[in-house]
Amino acid sequence: MIAQAEVKGHPVSYDVTFGFGRYDPSGFNKPITQMTLDEIDRFQAAMRAPRGSTPVGKYQFTRDTLRDLRRNLRLSGSEVFTPELQERLGRKRLQIAGYDRYLAGELSEQEFRARLNKAWASVPLPGDVPGHDQPLGTTDAEVTAVLRRAAPAAR
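Here the structure is a predicted model, which is why all the values come from computation and not from measurement.

Thresholds, definitions, all that
- Residues numbered from 1 in each chain as written.
- Predicted model: local features only at pLDDT ≥ 70, side-chain atom pairs only at ≥ 80, totals over all residues.
- Heavy atoms only, no water.
- Phe/Tyr/Trp six-rings, centres within 6.5 Å; stacked < 30°, edge-to-face > 60°.
- Helix = DSSP H or I, 4+ residues; strand = E, 2+ residues; numbered from the N terminus.
- Buried < 20%, exposed > 50% of the residue type's maximum accessible area, 1.4 Å probe, protein only.
- Salt bridge = Lys/Arg side-chain N within 4 Å of Asp/Glu carboxyl O.

Enquirer: What am I meant to see in the packing of aromatic side chains here?
Expert: To describe a pair of aromatic rings, you give the distance between the ring centres and the angle between the ring planes. Tallying each qualifying case throughout the model produces five aromatic pairs. Residues Phe61 and Phe81 carry aromatic rings whose centres are separated by 6.4 Å and whose planes lie at 70° to one another, so their mutual orientation is edge-to-face. In this pair, Phe61 is assigned in the loop between α2 (37-46) and α3 (63-73) and Phe81 in the loop between α3 and α4 (83-97), connecting sequence segments 20 residues apart. The same class applies to Phe61 as to Phe81, namely buried. Measuring from ring centre to ring centre gives 5.1 Å for Tyr102 and Phe112, while their planes differ by 10°; the resulting arrangement is stacked. With a gap of 10 residues between them, Tyr102 in helix α5 (residues 99-103) and Phe112 in helix α6 (residues 109-119) connect regions that are remote in the sequence. Tyr102 gets classed as buried once you look at its relative accessible area, which sits at 2%.

Enquirer: I'm lost on the pattern of salt bridges in this one. Help?
Expert: For side chains bearing opposite charge, pairing can occur when the charged atoms are close. For the coordinates displayed, the defined rule picks out eight salt bridges. Across the salt bridge formed by Arg67 and Asp41, the nearest N and O atoms sit 2.8 Å from each other. Of this pair, Arg67 sits in helix α3 while Asp41 sits in helix α2, and the two are 26 residues apart along the sequence. In this structure, the salt-bridge partner of Glu106 is Arg101, at a minimum N-O distance of 3.9 Å.

Below you can see the structure in the form of structure tokens.
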């Protein structure tokens, strides 16, 4: 759901960058799934996006977010930004947002939704309210259905 929301109607891809390549810097002649995290960091530093936006990959990780996840997971930077690594990073980001606590009933659906929206602007707050100045990529009903399938006790 998050990956689909982030690309808003475009095909989901591990090689997607902000603006679907429109702001990619020159001099990087390979797909991002073949770059190391250090190369991704340099790629993001060179992006020509408005407002300094730098999302890359299936889950649209910004440069700051990737740096935080690298520290959190103690990654060296030599790891390749493969689909498998992107999934690992996405799961960690969900965990940081409180997914495990939500599943355990320690976090309300509303609080978890607020945390998801903070992590991924395309995920709406309840009532289809955007939390950022970015178009929503999914609806309140879609998010609610996914969360309630994940944690039936939250109904």
